[in-house]
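Examination of the molecular architecture
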Amino acid sequence: MPYADSAPVNATVTGWEHGTDLVIDTRVDTDPQRIWSYVADPQRCARWFAPWRRADEDTVELELDDEVLVAHILACEPDSHVLFDTARLGRLGLTLTPVADPQPGGPAETRIALAHTFPSVHDAADAIAQVGPVWETHLRMLCDALGQPRADISEGELYARYARLAADGLPEDEAEAGPDEGWQQEAFL
């Protein structure tokens, strides 16, 4: 089944020993190498996120409107993933995972996942309603750049969905999300 125009955009909130992750993902009908070209090339990256330039081996500078955001690269594997940390936004990542069994004779399929890590459940609860719609919009823009747009969604509906996820999907007590008892909440958007 082709994913263009029909693949859902999913949101998951997961607690783990080093924080709380908001992961927004979808699938596209293409291979990771093609998607990576929209990450690794500064001008292509500008089509869905922001242009960037290397400051040094472990640092890139993202041009966001009139601001330069310094991002320290924590991990990078071409055609697979990138993880970076910024002073203003925190830890952000993008992962490309080939789907194990694409349909016989069909195009390659890849899961694209954007992740934002928050230091605690409380930090996540305070921010998900604001940052979730922004990251989903960027993921949708990447799908558009790849020629595989997702179904339209209104801005109001997008913000309402992440507000519900933040309100309903997070444990009320920090102890509920301790390192020995991970938790997860999903929202299929």
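Residues numbered from 1 in each chain as written. Predicted model: local features only at pLDDT ≥ 70, side-chain atom pairs only at ≥ 80, totals over all residues. Heavy atoms only, no water.

**Section: the environment of A145**
Mapped onto the fold, A145 is located in helix α3 (residues 121-145). Judged by relative accessible area, A145 falls into the buried class, the value being 10%. Linking A145 and I35, residues 110 residues apart in sequence, is a C-alpha distance of 9.5 Å. Excluding anything up to four places from it in sequence, A145 contacts R34, Y38 and R47. (Helix = DSSP H or I, 4+ residues; strand = E, 2+ residues; numbered from the N terminus. Buried < 20%, exposed > 50% of the residue type's maximum accessible area, 1.4 Å probe, protein only. Contact = heavy atoms within 4.5 Å.)

**Details of the packing of α3 against helix α4 (residues 155-168)**
Packing of α3 against α4 leaves a shortest axis separation of 8 Å and a crossing angle of 140°. Relative to α4, α3 is oriented oblique. Considering only the axes of α3 and α4, their crossing is right-handed. Of the residues in α4, those in contact with A125, I128, A129, Q130, G132, P133, V134, E136 and T137 of α3 are L158, Y159, Y162, A163, L165 and A166. In the contact of α3 with α4, the residues fall into 11 nonpolar, 3 polar and 1 charged. (Axes fitted to C-alpha atoms, helices over the stretch in contact; angles between N-to-C directions. Parallel < 35°, antiparallel > 145°, perpendicular 65-115°, else oblique. Left-handed = near helix turned anticlockwise from the far one by under 90°. Nonpolar A, V, L, I, M, F, W, Y, C, P; charged D, E, K, R; others polar.)

**A word on the packing of aromatic side chains**
Scanning the model with the defined rule gives 2 aromatic pairs in all. Taking the centre distance of 5.7 Å and the plane angle of 35° together, the rings of W48 and F49 count as tilted. For the pair W48 and F49, a shared accessibility class is recorded, and that class is buried. Relative to W135, the ring of F49 has its centre 5.8 Å away and its plane inclined at 40°; by these criteria the two rings are tilted. Of this pair, F49 sits in the loop between α2 (42-46) and β3 (52-56) while W135 sits in helix α3, and the two are 86 residues apart along the sequence. (Phe/Tyr/Trp six-rings, centres within 6.5 Å; stacked < 30°, edge-to-face > 60°.)

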